[in-house]
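Here is how the chains run, residue by residue.
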There are 2 protein chains.
Amino acid sequence: MAGESHNWVLMVSAQTPTNIAVIKYWGKSDETLILPVNDSISVTLDPGHLCTTTTVAVSPSFEQDRMWLNGKEISLSGGRYQNCLREIRSRASEIEDKKKGIRITKKDWGKLHLHIASYNNFPTAAGLASSAAGFACLVFALAKLMNVKEDESQLSAIARQGSGSACRSLFGGFVKWIMGKEENGSDSLAVQLADEKHWDDLVIIIAVVSSRQKETSSTSGMRESVDTSLLLQHRAKEVVPKRISQMEEAIKNQDFPSFAQLTCADSNQFHAVCLDTSPPIFYMNDTSHRIISIVEKWNRFEETPQVAYTFDAGPNAVLIARNRKTATLLLQRLLYYFPPNPDTDVDSYIIGDKSILKDAGLEGRTDVEALPPPPEIKGNISSQKYQGDVSYFICTRPGRGPVLLSDESQALLNRETGLPN
Amino acid sequence: MAGESHNWVLMVSAQTPTNIAVIKYWGKSDETLILPVNDSISVTLDPGHLCTTTTVAVSPSFEQDRMWLNGKEISLSGGRYQNCLREIRSRASEIEDKKKGIRITKKDWGKLHLHIASYNNFPTAAGLASSAAGFACLVFALAKLMNVKEDESQLSAIARQGSGSACRSLFGGFVKWIMGKEENGSDSLAVQLADEKHWDDLVIIIAVVSSRQKETSSTSGMRESVDTSLLLQHRAKEVVPKRISQMEEAIKNQDFPSFAQLTCADSNQFHAVCLDTSPPIFYMNDTSHRIISIVEKWNRFEETPQVAYTFDAGPNAVLIARNRKTATLLLQRLLYYFPPNPDTDVDSYIIGDKSILKDAGLEGRTDVEALPPPPEIKGNISSQKYQGDVSYFICTRPGRGPVLLSDESQALLNRETGLPN
């Protein structure tokens, strides 16, 4: 590599969204390559509310590959990181920055070390698919830094080797992860079904549910399901393929009733497979069940789905409302059943797109306390409230795919030292 | 019919056990005949702790068929009662009681009315399969009264038309309900696999779990599962047949590890199918999940199953311990995690066979409070306790089938009036 000195640091920063599957990925056919037992489809969430920002840097002064996650140094020795780094390095191209007098040849990339800093704008522990956004961002940012010529789908096949669902975070809008047929996994990658503008009515509210239970990691959970569930293969081979084509059709036609029916049924079936695992895996708790009951009751009352629900490997509910008006009515119901604790103010109880709060006429605690029971439970005494069972809500929407951050002030590494800011 | 006057009342009283399925029945292929989509296997529970007592009476003075359940008159107009009464009446034989001067011909039975009084020695609402014991007892008592010549298996096919699982309560010990092949259901009946003495080590502890949720009835729940679950048919056709033969083998050989593995897996799969139903059905709650986790953790720690768990259409856990020693250790664990509320004494918190309480060294509240954490959670901080989450425990064992009660003092109807005592 040619450079005036060893003091230069070359950096790229990127921002990548998280995603929520509406047809679920559960079960690998290859643990190392991370090949799934079925296709899956997801909605990308607005990175304004949930995303990972990653800065990757290269410098001849770096003595080893290092990574910091949310400010804390973590090990890169795991196979998943190593696979992503190896795959990206093997595709690196020559770059030249004449102004800075930097030139890195394809061969140089194999010798240079990297610094990586990554930050989630939401609690990592909240079970909101942080690894999906994280690996997608790592791969995307490294690809830009190293002048990798592959397109997003090809990059998704690399991100997949970090975390399966990460491959779906390489695109905005509606994304399909095709399981592929090749043994080496080269065709197991994500494609965009429609961008985020195609169906921009949808509003997403995430209920972050308080949990006392330690959860099974999705990696070990899906391994145990593959090994022990007698329903998983039937789901993967007989049920999901039909749902995938029905879901593609529903998205294409912005057919909310079909979209909602498929989303809810597939979430429930994924959790059914978890329950059919030995020992059984419970990701949903009583609060998750209550949220489902509230949505199901309302949907039945309206005689057509207003809201779809889906749950990943944890108790949090991801609720997809057909439009903004419905989202307002949903938020009223959620706050009626799950009012904030006395020491929590409404403003910190609902985060993300707070404008929905205003539309719902909920600007303070008194507005929440004044909420009437929803009409679908009229005359029903079971309108019990569950204060404290939800930690907070995030209002968001479908969003765009990864972007480069050109504003250097957003970089997470110091441009002189290559160390975290 | 010949009799001195119209004042005579002829009565029979019987006692019938309840049963708990270890390979589950979930889904009918015929709603009216109550034909199941798969075979099932159950353990009959000791009627000393959980049973139904029924007195049936006939008299020319009765003006209509009437029934009292737990002292309250209920309607007999439902199809299920009508089917059982019609089937039993059509099989009635002539009887003659020369001492009382009573003779009822086969033809008379079609004209005479019946009084029926039934009583459960456990709370009907506790979700402990009261309808199984109830219809079994009704059919058994009527068959005795009417001198029906059919054997228990043939009677089970009648009880089946009252409540599917009732057919399995016609026998003690271990019972299989064969789904049958005939369209008219004549071969859908129960057979005894082994009597209660065959494997008398087993001890059963039932945790009656407090629930705030109204539950879906099993009748409508299984209808919805048949209509909407994409996993139910696969379970019925591909999974259950193998499990039935494995379970028969396990029972024959008193092979507790296999028995436990099959029992737990099949309970979980039944609840998985419920979850795969649209809208999803949740019978287990967080307390049910916790009990499963406690048992699974202990079983893993001991490296061989100590206890099997199974849950019916509700949150109550039925725990089957391999022997009395294990049952003692189980009870210690259950009381460690689920101590009674301050206002509940231990004596009313554990009902049924209280001798296990004594073996476990738990004679009062101070003994419960002094229980150490079980060794399998040593060094684990998550030894949270859940006071109040269990209403009470019932200690019992596998038990005998229906019996006639010859002691007239146990009759629920007055021998003069034929009305409830």
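Just so we're clear, the structure is a prediction, and the values are computed from it rather than from any experiment.

**Quick look at the packing of helix 5 (residues 232–252) of chain B against helix 6 (residues 256–275) of chain B**
Residues and elements named next belong to chain B. Interhelical geometry of helix 5 versus helix 6 gives an angle of 160° and a closest axis separation of 10 Å. On the basis of their axis angle, the class for helix 5 and helix 6 is roughly antiparallel. Pair helix 5 / helix 6 crosses with left-handed handedness. Residues Leu232, Arg235, Val239, Val240, Arg243, Gln246, Met247, Ala250 and Ile251 of helix 5 form the contact with helix 6, whose own contacting residues are Ser258, Phe259, Leu262, Thr263, Ala265, Asp266, Gln269 and Val273. A per-class count over the contact of helix 5 with helix 6 returns ten nonpolar, four polar and three charged.

**Observations concerning the domain arrangement of chain A**
Residues and elements named next belong to chain A. According to the domain assignment, chain A contains domain 1 (10–196 + 406–410) and domain 2 (203–396). Taken together, the contact between domain 1 and domain 2 spans 29 residues of the former and 41 residues of the latter. For the pair domain 1 and domain 2, the summed buried area comes to about 2,800 Å², and 72% of that belongs to carbon and sulfur atoms. Linking domain 1 with domain 2 are three salt bridges. The shortest N-O distance in the salt bridge between aspartate 312 and lysine 24 comes to 2.6 Å. The tally of links from domain 1 across to domain 2 stands at ten residue pairs in polar contact (both at pLDDT 80 or more).

**Re the interface of chain A and chain B**
Counting residues at the interface gives 28 residues for chain A and 28 residues for chain B. Note on chain A versus chain B: buried area summed over both sides is about 2,700 Å², and carbon and sulfur give 57% of it. Inspection of the chain A/chain B interface yields zero salt bridges. The tally of links from chain A across to chain B stands at six residue pairs in polar contact (both at pLDDT 80 or more). When contributions to the side of chain A that touches chain B are tallied by element, the ones reaching two or more residues are helix 5 (232–252), helix 6 (256–275) and helix 7 (286–302) of chain A. The element best represented in the side of chain A that touches chain B is helix 7 of chain A, accounting for seven residues. Among the residues making up the side of chain A that touches chain B, the classes are represented as twelve nonpolar, nine polar and seven charged.

Rules used in this analysis
Residues numbered from 1 in each chain as written. Chains lettered and ligands numbered in written order. Predicted model: local features only at pLDDT ≥ 70, side-chain atom pairs only at ≥ 80, totals over all residues. Heavy atoms only, no water. Axes fitted to C-alpha atoms, helices over the stretch in contact; angles between N-to-C directions. Helix = DSSP H or I, 4+ residues; strand = E, 2+ residues; numbered from the N terminus. Parallel < 35°, antiparallel > 145°, perpendicular 65-115°, else oblique. Left-handed = near helix turned anticlockwise from the far one by under 90°. Contact = heavy atoms within 4.5 Å. Nonpolar A, V, L, I, M, F, W, Y, C, P; charged D, E, K, R; others polar. Domains from an automatic or database assignment. Buried area = accessible area lost by both parts, 1.4 Å probe. Salt bridge = Lys/Arg side-chain N within 4 Å of Asp/Glu carboxyl O. Polar contact = N/O pair within 3.5 Å; in protein donor to acceptor, adjacent residues only side chain to side chain.

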